[in-house]
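Architecture at a glance
The residues making up each chain are set out below.
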Amino acid sequence: MVKYIAKRILQFIPVFLGVTLILFIMQNVVPGDPIKLIAGERKLDPQVELNLRATHGFIETDADGKIIYDENGDTIETPMWKRYVTYLSDLLHGDLGTSYQRGTPVSEIIAQKYPYTVQLALVAIVIEAVVGIGAGIISAIKRYSFWDILVTLVTSLLVAMPAFWFGMLLQLIFGVWLKDLTGGALSLPISGVAGPIAKYPAWMYYILPAVTLAAVSTAYTARIMRSQLLDVMNQDYIRTAKAKGLSKSAIIRKHALKNALIPVVTYVGMDFGAMLAGAILTETVFSWPGIGRETYIAITQRDWPIVMGTVTVIVVVVMIINLIVDVSYAFLDPRIRLGSSKNEG
Amino acid sequence: MKYPHAIPADAHIQTPAHAASSSDSAASRTLWGDAWGRLKKNKLAIIAAIWIVFIVIVALSADLWVPQVLGDPNATAAGVSMADASRLPPSLQHPFGTDTLGRDVLSRVIYGARVSLTVGVVATGISTAIGLVMGALAAYYGGIWDTIIMRLADIFLAFPYTLFVIAMIAVIGNGIQNVFIAIGILGWPSIARVFRSAILSVKQNDYVDAARAMGASDARIIVRHIFPNSVASIVVYATMNIGGAILTESALSFLGMGVVPPDPSWGTLIQDGQQYLQTQPWLMILPGLAILSTVLAFTLLGDGLRDALDVKMKDA
């Protein structure tokens with residue numbers, strides 16, 4: 001087990017380097033000078049501009065941060081590979097860089113925004129697990145019944161619609177059409193998480209964004225649950241249990257569910273990782289101040305240190321979650337021995 | 001992803017590879033003939049296919065009739081004051097109503113279909129092409145090739161997908177061509193994995209050994225023997241992928257990173273309608289229904305093809 005975890009972490013290193021390298025190359029081929037963008041329309045004082053270039057590592061400086069000039073009195077541009085190495089070594093020291101536009105440390109921005117994403121993901125994952133697994137079980141037990149058809153229909157629709165559109169529909173239904181019924185608590189603007197202007201208990205602001213974020217994955221969870229349970233119910237040991245005269249509910253509770261749940265738990269776990277990556281669209285529709293929206297804004301502003309920082313954190317978090325899911329898989333299902341078979345992708 | 005796919009060697013299922021090499025069996029049943037027979041019985045898949053054909057015909061023929069009947073998708077109302085033409089509710093003349101600038105929304109939805117369908121098909125084409133080459137290299141040659149390509153796929157899949165597409169668009173710029181380049185390039189790893197597993201299972205078959213023993217080159221074995229026997233899974237996967245590409249395009253356009261205004265796309269139409277959610281909700285509902293119905297149609301058709309071609313796929 002320890003060997004397996006160590007191996008996974010080692011495999012993670014090239015992937016991590018690859019992801020950051022690709023982003024690093026991207027930001028260097030993107031049109032537009034980020035330092036010039038800071039000033040916007042205004043003209044930057046040449047000395048200020050030089051200092052900014054020095055702070056963000058675009059030109060060579062000495063150990064004290066003083067700009068180095070060559071024999072012609074020109075500054076020396078730092079080559080890309082050197083900046084990438086600097087980025088990596090800074091990263092190892094816990095330094096994610098400084099935002100071009102705001103001048104604040106990226107780690108500070110992440111510390112401020114990430115909790116919102118995590119909270120939303122937690123609410124969404126609970127919805128996904130409870131509703132998805134519940135619907136899947138009902139659907140499988142009462143196969144071909146009205147409920148089964150309903151679940152199949154709803155899940156098919158949910159996976160075929162853009163999630164941001166679904167979010168708007170929710171806003172329309174609960175915030176506009178049912179305004180009186182919901183007491184205006186869910187009315188527009190729903191967004192903005194309890195701040196000074198918040199009129200309602202904070203948890204109310206989580207409902208619609210969390211449902212939106214969970215929608216598509218809940219549909220998948222229900223489908224996987226249904227097919228897994230149906231699959232397990234056809235196994236020999238279930239037939240044996242039936243032959244022993246156990247009631248259907250006892251068979252499902254004590255025998256079928258345990259095995260059928262394993263792939264479902266894996267899916268939900270992986271999906272939690274994906275949710276922690278931030279949901280740009282959900283966060284945009286509801287103006288949710290999370291990491292996804294922050295990264296999106298940073299991309300449009302060419303504020304690459306933020307993009308590098310958030311993606312770095314996101315990729316690490318997702319990898320860790322996936323590793324935890326894989327390891328817990330071995331605990332849930334004793335048939336699986338990690339490390340013996342190479343994951344074939 | 002587990003993806004065991006091998007067309008069973010039952011006598012009644014003729015693979016194209018076999019059919020092509022034995023002329024005497026030309027009249028016998030083929031994989032595609034059998035599949036069509038099964039697909040015909042799947043009502044949902046047929047309805048989905050009819051819907052797709054309908055949208056394609058409407059989108060292709062739009063220039064011939066839409067401007068005359070409904071109005072130019074990009075032309076603002078002429079001859080009337082903006083107050084009289086702006087954001088009209090659905091009527092006979094404007095079945096989907098009009099937008100803020102007095103433009104006919106149905107006309108814009110129809111022209112938006114061109115964008116969505118083109119992106120869906122072209123982006124899927126690009127990712128399928130890259131994925132096939134990568135998957136074939138990885139599976140057929142194995143060893144170091146397999147390691148490098150699959151690690152590269154891991155890197156691509158480790159990126160948060162939407163963020164990656166947006167970052168890519170930020171680098172290469174807005175516009176429909178760039179949208180399909182971005183979606184196309186980023187979509188290859190999953191196709192490569194599917195094709196790789198398909199090849200790995202087909203490769204085990206005796207007829208591949210036989211072909212090699214007869215001196216066939218690697219390229220010939222891949223193109224003539226392995227590809228026809230894994231094409232079913234690729235067709236199914238690509239069909240479903242089109243729906244996914246349409247969804248991604250709508251998200252990009254919604255974020256203002258897709259087509260360039262004033263050209264309509266389903267995503268930009270939703271974005272335009274968002275601000276009138278309280279007063280003119282149809283502006284945002286109708287383009288969303290267009291996306292929903294089209295993506296659903298591709299999914300149902302994909303499901304139907306999967307069952308008809310007897311492709312085993314992991315659920316969801």
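Keep in mind that what you see is a predicted model, and the values were worked out from it rather than measured.

In terms of helices and strands, chain B carries 14 helices and zero strands. Looking at the 316 residues of chain B, the share that counts as buried comes to 47%. When contacts within chain B are restricted to residue pairs at least 6 apart in sequence, those whose partners lie at least 24 apart make up 69%.

Moving on to the overall build of chain A. The secondary structure content of chain A amounts to 13 helices and zero strands. Ordering the α and β elements of chain A from the N terminus gives α-α-α-α-α-α-α-α-α-α-α-α-α. When contacts within chain A are restricted to residue pairs at least 6 apart in sequence, those whose partners lie at least 24 apart make up 68%.

All names here are of chain B. Within the fold, tyrosine 276 resides in the loop between α13 (266-274) and α14 (282-309). Residues tyrosine 276 and asparagine 241, 35 residues apart in the sequence, show an inter-C-alpha distance of 32 Å. Ignoring any residue separated from it by four or fewer positions in sequence, one finds tyrosine 276 in contact with Arg87 and Leu283.

Okay, the interface of chain B and chain A next. If you look at the interface, chain B gives 35 residues, while chain A gives 39 residues. Every element with two or more residues in the side of chain B that touches chain A is listed here: α7 (143-158), α8 (161-172), α12 (218-254), α13 and α14 of chain B. Sorting elements by how many residues they give to the side of chain B that touches chain A places α14 of chain B first, with seven residues. In terms of residue class, the side of chain B that touches chain A is built from 24 nonpolar, seven polar and four charged.

Attention now moves to unusual backbone geometry. All names here are of chain A. For tyrosine 144, which is not glycine, the phi dihedral falls at a positive 65 degrees. Along the polypeptide, tyrosine 144 turns up in the loop between α5 (106-141) and α6 (146-160). Under the C-beta neighbour-count criterion, tyrosine 144 is labelled exposed, with 9 such atoms within 10 Å. The phi dihedral of arginine 302 is positive, around 60 degrees, even though this residue is not glycine. Among the secondary structure elements, arginine 302 is positioned in the loop between α12 (291-300) and α13 (304-332).

In this section: α13 of chain B. In terms of residue burial, α13 of chain B counts as a mostly covered element, since eight of its nine residues are buried. All of the buried residues along α13 of chain B are Trp266, Gly267, Thr268, Leu269, Ile270, Gln271, Asp272 and Gly273 of chain B. The elements touched by buried residues of α13 of chain B are α7 (163-177) of chain A together with α6 (105-141), α12 and α14 of chain B.

This part takes up the packing of α7 of chain B against helix α10 (residues 188-203) of chain B. All names here are of chain B. Where α7 meets α10, the axes come as close as 9 Å, and the angle between the chain directions of the two elements is 140 degrees. Regarding the angle of α7 to α10, the classification is oblique. Between α7 and α10 lies a crossing whose hand is left-handed. Between α7, through Ile149, Ala153, Phe156 and Leu157, and α10, the contact on the second element is made entirely by Pro189, Ala192 and Arg193. Its residues placed into classes, the contact of α7 with α10 shows six nonpolar, no polar and one charged.

All names here are of chain A. Interhelical geometry of α5 versus α6 gives an angle of 135 degrees and a closest axis separation of 8 Å. In terms of axis orientation, α5 runs oblique to α6. Seen along the crossing, α5 lies across α6 with a hand that is left-handed. On α6, the residues that touch Ala135, Ile138 and Ser139 of α5 are Trp147, Asp148 and Val151.

Right, let's get into α5 of chain A. Here α5 of chain A contains 36 residues, and its C-alpha end-to-end distance of 50 Å stays within 8% of the 52 Å for a straight helix at 1.5 Å per residue. In α5 of chain A, a bend of some 30 degrees at lysine 113 of chain A exceeds every other bend along the element, and proline 115 of chain A, a proline, comes one to four places later.

Residue and element names in this part refer to chain B. Taken as a whole, chain B shows an average pLDDT of 80; of its residues, 86% reach a score of 70 or greater. In the model of chain B, helix α1 (residues 16-21) stands out as the element of lowest mean pLDDT, 44, in contrast to helix α3 (residues 43-60), which has the highest, 92. Low pLDDT (under 50) marks residues 1-27, which in the prediction has 45 contacts with non-local residues, meaning those over four places away or in another chain. With pTM at 0.83, the complex prediction returns an ipTM value of 0.83.

This brings us to the confidence of the model for chain A. The predicted coordinates should not be examined in detail at positions where pLDDT is low. Residues and elements named next belong to chain A. With 89% of its residues at a pLDDT of 70 or more, chain A has an overall mean of 83. Confidence, expressed as mean pLDDT per element, reaches its minimum in chain A at helix α2 (residues 34-39) with 71 and its maximum at α5 with 93. This model gives residues 187-196 a pLDDT under 50, and the stretch forms 22 contacts once residues within four places in sequence are excluded. Confidence drops under a pLDDT of 50 for residues 340-345, and excluding neighbours within four residues, the segment shows three contacts in the predicted structure.

A separate point is the environment of methionine 1 of chain A. Residues and elements named next belong to chain A. For methionine 1, the location among the structural elements is in the segment before α1 (2-29). Looking at methionine 1, the number of C-beta atoms within 10 Å reads 11, which means it is exposed. Taking C-alpha positions, methionine 1 is 38 Å from lysine 82, a pair spaced 81 residues apart along the chain.

The subject of this paragraph is the environment of arginine 102 of chain A. Note that arginine 102 of chain A resides in the loop between α4 (80-92) and α5. A sequence separation of 64 residues divides arginine 102 of chain A from isoleucine 38 of chain A, and the C-alpha atoms of the two residues are 8.6 Å apart.

Conventions adopted
- Residues numbered from 1 in each chain as written.
- Chains lettered and ligands numbered in written order.
- Predicted model: local features only at pLDDT ≥ 70, side-chain atom pairs only at ≥ 80, totals over all residues.
- Helix = DSSP H or I, 4+ residues; strand = E, 2+ residues; numbered from the N terminus.
- Buried ≥ 20, exposed ≤ 12 C-beta atoms within 10 Å, placed from the backbone.
- Contact = placed C-beta atoms within 7 Å.
- Nonpolar A, V, L, I, M, F, W, Y, C, P; charged D, E, K, R; others polar.
- Axes fitted to C-alpha atoms, helices over the stretch in contact; angles between N-to-C directions.
- Parallel < 35°, antiparallel > 145°, perpendicular 65-115°, else oblique.
- Left-handed = near helix turned anticlockwise from the far one by under 90°.
- Expected span 1.5 Å × (residues − 1).
- Bend = angle between axes of the 7 residues up to and from the residue.
- pLDDT = per-residue confidence, 0-100.

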